[in-house]
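The lines below spell out each chain.
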Amino acid sequence: MAISSWQRYYLPVLDVLFPWRCQVCDSAMGFTVEQAICRRCLDQVQYIGSSVCRRCGTLFGRGGGAGYLCGECIKKPPEWDVSLSVIRYGPPVNTLLHRLKYNSDTTVLPALAEVITPFRANLKINCDIIVPVPLHRKRLRRRGLNQALYLAQLFFPEQVQLICSSALKRERYTQPQTGLDGGERRRNLRGAFSLCDNNVIHGKHVCLVDDVYTTGTTLNECSRILRKAGATKITVVTLARVIMTR
């Protein structure tokens, strides 16, 4: 496309005066870039490859084991069928998630969308219903939004009609899971979730969406409730996964 005389003389000026800025580091990227995250920040994102347990998504060492089950899933499989995570939890995405989750800062959504886009190209889930992990009404009121709902919209922009944020309900106001061990996490979530209508889930392939996979306790409890209601298949999708060292 030929550059007009207007573009030749004024675009360099606009690049300086009104540049797009990276939503992570605030560096100027130029007026014509139309990106939300700069290349330097994007290069820090660590995508999770295919060398993971096919059930829980645990990373296998040295790039091996793709398509197999890990030892934990052989001994005691989770309530869901498949778990997929986009990236390893860490900078710069942890900063963006924190702003969305605790500051209700939806300006980070374009940057998160850019992080998710390469993953979405291979995300082929023929689900019947998409269920964001719910927040308790007290926590939702304090935060102003449920980050899992926004992420579900980023993961499935062409299937937003399948998103049902009211399918699961958080009955009990629980303490944050951070700092709790496995047993404490399970006890903390006992009876925390319920279904608003079993008929919405019965016989369906459910995609359960959350922001971060840490130990999988919350996702497992939600999946248990969904399975009890008759879900035929459950696929878990999270933006980030905390890599645990054993």
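In the block above lies the structure referred to throughout.
If you're wondering where the values come from, they're calculated on a predicted model, not measured in any experiment. (Residues numbered from 1 in each chain as written. Predicted model: local features only at pLDDT ≥ 70, side-chain atom pairs only at ≥ 80, totals over all residues. Heavy atoms only, no water.)

Caption draft 1: Quick look at the overall build of the chain. When you go through the chain residue by residue, the secondary structure sums to ten helices and six strands. The contacts of the chain with a sequence gap of at least 6 include a subset with a gap of at least 24, amounting to 67%. A total accessible area of about 13500 Å² is found for the chain, and carbon and sulfur atoms account for 51% of it. (Helix = DSSP H or I, 4+ residues; strand = E, 2+ residues; numbered from the N terminus. Contact = heavy atoms within 4.5 Å. Areas by Shrake-Rupley, 256 points an atom, 1.4 Å probe, with all protein chains shown as cover.)

Caption draft 2: Quick look at the environment of serine 166. Within the element layout of this structure, serine 166 appears in the loop between helix H7 (147–155) and strand E3 (168–170). Taking relative accessible area as the criterion, serine 166 reaches 45% and is therefore assigned partly exposed. Serine 166 sits 29 residues away from leucine 195 along the chain, and the two C-alpha atoms are 8.5 Å apart. (Buried < 20%, exposed > 50% of the residue type's maximum accessible area, 1.4 Å probe, protein only.)

Caption draft 3: A look at the packing of helix H4 (residues 93–103) against helix H5 (residues 109–120). With their axes 10 Å apart at the nearest point, H4 and H5 run at an angle of 135° to one another. Looking at the two axes, H4 sits oblique to H5. Crossing angle aside, the handedness with which H4 passes H5 is left-handed. Taking contact as the criterion, the partners of Val93, Leu96 and Leu100 in H4 are, on H5, Leu109, Ala111, Leu112 and Val115. Residue composition of the contact of H4 with H5, grouped by class: seven nonpolar, no polar and no charged. (Axes fitted to C-alpha atoms, helices over the stretch in contact; angles between N-to-C directions. Parallel < 35°, antiparallel > 145°, perpendicular 65-115°, else oblique. Left-handed = near helix turned anticlockwise from the far one by under 90°. Nonpolar A, V, L, I, M, F, W, Y, C, P; charged D, E, K, R; others polar.)

Caption draft 4: Structural detail: the pairing of strand E6 (residues 233–241). Within E6, eight of the nine residues are buried, which leaves it mostly tucked inside the rest of the structure. Bridge count for strand E5 (residues 205–213) against E6 is eight bridges, and the pairing is parallel. From the neighbouring strand, aspartate 210 faces E6, where its bridge partner is threonine 238. The handedness of the E5 to E6 crossover, carried by helix H10 (residues 217–228), is right-handed. (Pairing = 2+ DSSP bridges. Right-handed = clockwise from strand over helix to strand, strands pointing away.)

Caption draft 5: Inspection of the pairing of strand E2 (residues 129–132) at higher detail. Alternating positions in E2 separate into two faces, Ile129 and Val131 on one and Ile130 and Pro132 on the other, with burial throughout. Bridge analysis of E2 against E5 gives four bridges, and the strand direction is parallel. What sits directly across from isoleucine 129, in E5, is valine 206.

Caption draft 6: Inspection of the nonpolar core at higher detail. In terms of nonpolar packing, the biggest core is built from 38 residues, with Leu112, Leu151, Phe155 and Leu239 touching the most fellow members. With six residues, the single largest contributor to this core is H5. If sequence neighbours within four positions are ignored, leucine 151 has contacts with Leu97, Leu112, Ile116, Val209, Asp210, Asp211 and Leu239. Formed by 27 residues, the second largest nonpolar core is a distinct cluster that contains Cys56, Ile201, Leu208 and Tyr213. (Core = buried A, V, L, I, M, F, W, Y, C linked by side-chain atoms within 4.5 Å.)

Caption draft 7: Just the packing of H5 against H7, in detail. Where H5 contacts H7, the axes come no closer than 9 Å and their chain directions differ by 50°. In terms of their interaxial angle, H5 and H7 are classed as oblique. Judged by the twist between their axes, the crossing of H5 over H7 is right-handed. On the side of H5, the interface is formed by Leu109, Leu112, Ala113, Ile116, Phe119 and Arg120, while H7 contributes Tyr150, Leu151, Leu154 and Phe155. Residue composition of the contact of H5 with H7, grouped by class: nine nonpolar, no polar and one charged.

Caption draft 8: Region of interest: unusual backbone geometry. Here the amide bond leading from proline 91 into proline 92 is cis, since omega sits at 0°, within 30 degrees of zero. Take proline 92: it is sitting in the loop between strand E1 (82–88) and H4. In this structure, aspartate 26 takes a positive phi of about 70° despite not being glycine. Mapped onto the elements, aspartate 26 comes out in the loop between helix H1 (5–17) and helix H2 (39–42). The phi dihedral of serine 104 is positive, around 55°, even though this residue is not glycine. Relative to the elements of secondary structure, serine 104 occurs in the loop between H4 and H5.

Caption draft 9: Molecular detail of H10. The end-to-end C-alpha separation of H10 is 17 Å, in line with the 16 Å expected for twelve residues at 1.5 Å each. For H10, the complete set of buried residues consists of Thr217, Thr218, Leu219, Glu221, Cys222, Ser223, Ile225 and Leu226. Once H10 finishes, glycine 230 follows within two positions and takes phi at roughly 105°, a positive value. (Expected span 1.5 Å × (residues − 1).)

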